Structure formats: C-alpha cells, structure tokens
Amino acid sequence: PKPILAVLDDEPEMRKALRRLLTGRGFCVEEYAHGNDLLTAVGSRPLDCLLLDLHMAEVSGFDVLEAFLSRHIHVPVIVITAHDEPGTAERVRSLGAVAYLKKPVDRDALLCAIEAAISPPITHH
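Conventions we followed
- Every residue gets a number counted from 1 within its own chain, in the order that chain's sequence is written.
- The model is predicted, so local features are restricted to residues of pLDDT at least 70 and side-chain atom pairs to those at 80 or more, both for listing and for counting; the totals for chains, interfaces and linings are taken over all residues.
- Side-chain metrics rest on all non-hydrogen atoms present in the structure, leaving aside hydrogens and water.
- Where helices and strands are cited, they refer to DSSP runs of H or I of at least four residues and of E of at least two residues respectively, numbered from the N terminus.
- To estimate how far a helix should extend, the number of its residues minus one is multiplied by 1.5 Å.
- We call a residue buried when its accessible area falls under 20% of the maximum for its residue type, exposed when it is over 50%, and partly exposed in between, using a 1.4 Å probe and counting protein chains only.
- As used here, the arc belongs to the directions running from the helix axis to the C-beta atoms.
- The contact definition used throughout considers only heavy atoms, calling two residues in contact when any of these lie within 4.5 Å.
- Note on geometry: axes are C-alpha line fits, over the in-contact stretch for helices, and angles between N-to-C directions span 0 to 180 degrees.
- Comment on the angle field: the value is read as roughly parallel under 35 degrees, roughly antiparallel over 145, roughly perpendicular from 65 to 115, and oblique elsewhere.
- Here a crossing is taken to be left-handed if its near helix is turned anticlockwise relative to the far helix by less than a right angle, and right-handed if that turn runs clockwise.
- All amino acids are sorted into three groups, where Ala, Val, Leu, Ile, Met, Phe, Trp, Tyr, Cys and Pro are nonpolar, Asp, Glu, Lys and Arg are charged, and the leftover types, Gly among them, are polar.
- Pairs of N or O atoms are called polar contacts if they sit within 3.5 Å, as long as, within protein, a hydrogen donor faces a hydrogen acceptor (for residues adjacent in sequence, only side-chain-to-side-chain pairs).
- Two strands make a pair as long as DSSP finds a minimum of two bridges between them.
- Consider the strands pointing away from the viewer: the crossover is right-handed when the path from the first strand over the helix to the second runs clockwise.

J.: What is the right way to look at unusual backbone geometry in this model?
T.: A negative phi holds for most residues other than glycine; trans holds for most peptide bonds. Put simply, K103 and P104 share a cis peptide bond, and its omega is -10°. Its place among the elements puts P104 in the loop between β5 (99-102) and α5 (107-118). Non-glycine residue E58 carries a positive phi angle of around 60°. Mapped onto the elements, E58 comes out in the loop between β3 (49-53) and α3 (61-71). Positioned with a positive phi, H72 is a non-glycine residue whose angle comes to about 55°. The residue H72 is located in the loop between α3 and β4 (77-81) in this model.

In structure tokens:
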C-alpha cells in the first residue's frame, strides 16, 4: 500500500506543490487547510506522516503538535515553516516533530525527511 501523507498548510499553492511532488513519488496525499479538519480526521484513519505548516490562523502547527501529544497520536511530523525564529526548531522537536525544514523547501531534503520518518528504524545487532 502507498504511504499516506497529510499536508496541513493554509496556502493552497503550497499544498498543490507538495501534492504534485509527493504523488509523483508514489505517495497518497491528503490535503488540509485547517488544523481542526486534520485533528478531526486523524483519529479515524491511519496516517504515515504529516507535513505541517507552523503559522496558520486559528489552529497553529504548535497547537497540532500539542494535540498529537495529549491524544497520544503517533504520527511522524515534519514541520515546514517560512518563519524560522530562534528556538523554534527546538520547540517543535520538544513537541515531537521529527524534522524541521524551512520554506522554500528543498525537494531532496523533504523527500529524505519523509523517507526517514516513515521507514521503520534500523536496528543494529
């Protein structure tokens, strides 16, 4: 089965660009413009990875990360932001994000982060 990725970003252009890139790589992509829509959906079906914009109206990326923590939703989250500020990377990682990327996103860096997020961890014996 194809990995299912969710994209939560309030910019339609960004969602479209990510969808095009990711579906071209064989992923199944679900788009969300609002954090609440994603949080409603995520409880009812499995997700392999979430690409999360931090700065959105109403429900921010931080709110989504906090909701995942409080609800014990174990989905790897890759944060993508245009507003890189001191401390933000540390904050999102402390909230459970597995990667922190800046817009404009480097395509290869994004694909590597997704692969790392959805691949089972390699155990060394």
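Don't stop here, the text continues.
J.: Explain helix α1 (residues 12-24) to me, please; I cannot follow it from the model alone.
T.: Side chains of residues three or four places apart in an α-helix project in the same direction, reflecting 3.6 residues per turn. The end-to-end C-alpha distance of α1 is 18 Å, a good match for the 18 Å that 13 residues give at a rise of 1.5 Å each. Within the sequence span of α1, burial applies to M14, R15, L18, L21 and L22. For α1, the arc enclosing every buried residue in end-on projection is 135°, short of the 170-degree limit, so these residues lie on one face. Exposed residues lying more than 90 degrees from the buried face of α1 are P12, E13, R20 and G24. In this fold, the buried residues of α1 make contact with β1 (4-8), β2 (28-32), β3, β4 and α5.

J.: Explanation requested: the packing of helix α2 (residues 35-42) against α3 in the structure shown.
T.: The description of two packed helices rests on the angle between their axes and on the distance between the axes. For the pair α2 and α3, the least separation of the axes is 11 Å and the interaxial angle reads 20°. Comparing their axes, α3 and α2 come out roughly parallel. For the element pair α2 and α3, the recorded crossing hand is right-handed. Residues G35, L38, L39 and V42 of α2 touch α3, and the partners they reach there are V64, A67, F68 and R71. Each residue belonging to the contact of α2 with α3 can be placed in one class, and the counts come to six nonpolar, one polar and one charged.

J.: What exactly am I supposed to notice about α3 here?
T.: Looking at α3, one finds that the buried residues are G61, F62, V64, L65, A67 and F68. In this fold, the buried residues of α3 make contact with β1, α2, β3, β4 and α4 (88-94). The N-cap residue of α3 is S60: its side-chain oxygen and the backbone nitrogen of F62 are 3.2 Å apart. One or two steps after α3, the chain reaches H72, where phi turns positive at roughly 55°.

J.: Whenever I open this one, the pairing of β3 confuses me. Can you help?
T.: Looking along a regular strand, one sees the side chains alternate between the two faces of the sheet. By the criterion of burial, β3 is predominantly enclosed, with five of the five residues buried. Alternating positions in β3 separate into two faces, C49, L51 and D53 on one and L50 and L52 on the other, with burial throughout. The sheet contact formed by β1 and β3 spans four bridges and is parallel. Looking at the pairing, L5 lines up with C49 of β3. Where β3 and β4 come together, four bridges link them in parallel fashion. For D53, the partnering residue across the bridge sits in β4 and is I80. After leaving β3, the chain enters α3 and then returns to the sheet as β4, a path that is right-handed.

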